[in-house]
Amino acid sequence: MIRGRVIGEVWATRKAPRLAAKKLLLVAEMRVSPDGEHATGRVVVATDTLDAGQGDTVVVAFGSGARNAEAPGSRDVLVDASVVQVVDGSTSPGSP
Amino acid sequence: MILGRVIGQCWATRQNPRLAGKKLLLVRPLAWHDPDHQADHLVCVDPVGAEVGQDVVVCMGLPARWALGDTRHPVEASIAAIVDGVEVFRDACADPAFAFAPGRLPERLQER
Amino acid sequence: MKLCRVVGTVWGARQSEGLHGRRVVEVRPLGLQQAEAGTRLGADCDDGHLREASLLAVDPLGADVGQLVLVGIGSRVRDLVAGPHVTTKNCVIAIVDEAVVEDGAREVRP
């Protein structure tokens, strides 16, 4: 899992049949260090079932973890990144 | 998943039999870079029917194989969706690190 | 598996069901490229060994901030350690008391 910030949304009508997800978010990976939070430059498209919004700090899971968020135990869901937590707080040094 | 633009197509005669008849597209990742990845492009199987110039969402790994029906295909990236539009939140990406690289902007990008 | 140091915990009320009741920790992997032979790594080792990257993992063991942990990455490990329906592939699988670099990691590089 990585820490990220929601920076946008992606709309699509034509999707592969197994991409069941309704909402696709653009999430920028963030790194916290004692001097603050900054972006690493990596941006992923993640599905969202938690209704995360603009600027939210989120936790993004990849691979089978992301599929578990869409449908627990599934293998045939066309998802490889998913928002699994909207962060309320963190004790890591530098996190807001 | 990542956001990319279809920049071309490739064909092969001698290939794994499970790839026969599959459309292979060249995709350049848009707002994405990952130090682990050496190349600036991906070859993706296309079960959706994307065309050159369109922006797409690319899915990687095991689910990419499921997109073709089962997991026995020797494939690690497939096109999951054709992008209608991208909306970025102006405040959330005020940090210059979020800026899309020049010339790599999705065409239907809107700011909110 | 990676040797990492716990740098903090992360929590949020809105989370997927697979994370309910789970402790999520932020860890930074150790980079041993520069480690000399005989380097001892423990909870008190300095931050110079930490790499820039950080990742988040589910922690069933309750590691404290600052401790060295072994993080397993992969669905098999996750199934065994945290359960098959947990929404991550990264799990803390051990709290490390001490690790010793026997041979200079520099020489081991290909």
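Calculation criteria
- Residues numbered from 1 in each chain as written.
- Chains lettered and ligands numbered in written order.
- Predicted model: local features only at pLDDT ≥ 70, side-chain atom pairs only at ≥ 80, totals over all residues.
- Heavy atoms only, no water.
- Helix = DSSP H or I, 4+ residues; strand = E, 2+ residues; numbered from the N terminus.
- Rg over C-alpha atoms; globule rule 2.2 N^0.38 Å.
- Buried < 20%, exposed > 50% of the residue type's maximum accessible area, 1.4 Å probe, protein only.
- Contact = heavy atoms within 4.5 Å.
- Lys, Arg positive; Asp, Glu negative; His and termini not counted.
- Charge placed at Lys NZ, Arg CZ, Asp CG, Glu CD.
- Buried area = accessible area lost by both parts, 1.4 Å probe.
- Salt bridge = Lys/Arg side-chain N within 4 Å of Asp/Glu carboxyl O.
- Polar contact = N/O pair within 3.5 Å; in protein donor to acceptor, adjacent residues only side chain to side chain.
- Nonpolar A, V, L, I, M, F, W, Y, C, P; charged D, E, K, R; others polar.
- Pairing = 2+ DSSP bridges.

A. Expanded view of the overall build of chain A. For chain A, the helix and strand inventory stands at 1 helix and 6 strands. Counting helices and strands in the order they occur from the N terminus, chain A gives β-β-β-β-α-β-β. Compactness check: chain A gives a C-alpha radius of gyration of 14 Å against a globular reference of 12 Å for 96 residues, within 12% of the reference. By its C-alpha atoms, chain A is 45 × 25 × 20 Å across when sized along the principal axes. A burial count over chain A gives 66% of its 96 residues as buried. Long-range contacts, defined here as pairs at least 24 residues apart, represent 53% of the contacts in chain A between residues at least 6 apart. The averaged location of the 11 negative side-chain charges in chain A is 8 Å from the averaged location of its 11 positive side-chain charges.

B. The interface of chain A and chain C, seen in detail. Contact residues are listed per partner, giving 29 residues for chain A and 29 residues for chain C. A combined buried area of about 2300 Å² lies between chain A and chain C, and 49% of that area is made up of carbon and sulfur atoms. On the chain A side of the contact with chain C, Met1, Arg31 and Gln85 of chain A bury the most area, a combined 28% of that side's loss. Linking chain A with chain C are 2 salt bridges. Between Arg3 of chain A and Glu26 of chain C there is a salt bridge, and its shortest N-O distance comes to 2.5 Å. Counting the contacts that link chain A with chain C gives 17 residue pairs in polar contact (both at pLDDT 80 or more). Contributing elements (two or more residues each) for the side of chain A that touches chain C: strand 1 (2-15), strand 2 (24-33), strand 4 (57-62), helix 1 (63-70), strand 5 (81-86) and strand 6 (89-90) of chain A. Top element by residues in the side of chain A that touches chain C is helix 1 of chain A. It accounts for 5 residues. Partitioned by chemical class, the residues of the side of chain A that touches chain C number 14 nonpolar, 10 polar and 5 charged. Pairing of strand 6 of chain A with strand 1 (residues 2-11) of chain C, which is carried by 2 bridges, proceeds in the antiparallel orientation. The residue of strand 1 of chain C that forms the bridge with Gly89 of chain A is Trp11 of chain C.

C. Examining the interface of chain B and chain A more closely. Facing 38 residues of chain B, the contacting portion of chain A comprises 37 residues. Interface of chain B and chain A: buried area, both sides summed, is about 3100 Å²; carbon and sulfur atoms make up 60% of it. Taken together, the connections running from chain B to chain A amount to 0 salt bridges. Those elements giving two or more residues to the side of chain B that touches chain A turn out to be strand 1 (2-10), strand 4 (55-60), helix 1 (62-66) and strand 5 (77-88) of chain B.

D. Structural view of the pattern of salt bridges. Within this structure, the stated rule accounts for 11 salt bridges over all chains. The closest approach of N and O atoms between Arg5 of chain B and Asp55 of chain B, which form a salt bridge, is 2.9 Å. Within this pair, whereas Arg5 of chain B is found in strand 1, its partner Asp55 of chain B is found in strand 4, the two being separated by 50 residues in sequence. Between Glu98 of chain C and Arg40 of chain C there is a salt bridge, with the nearest N and O atoms lying 3.0 Å from each other. Taken together, the residues Glu98 of chain C in the loop between strand 7 (90-96) and strand 8 (99-100) and Arg40 of chain C in strand 4 (residues 40-41) connect sequence positions 58 residues apart. Under the relative-accessibility criterion, Glu98 of chain C is labelled partly exposed at 46%. Here the salt bridges share partners, and the residues they tie into one network are Lys23, Asp48 and Asp51 of chain A.

Distances and angles like these do not, on their own, reveal function.
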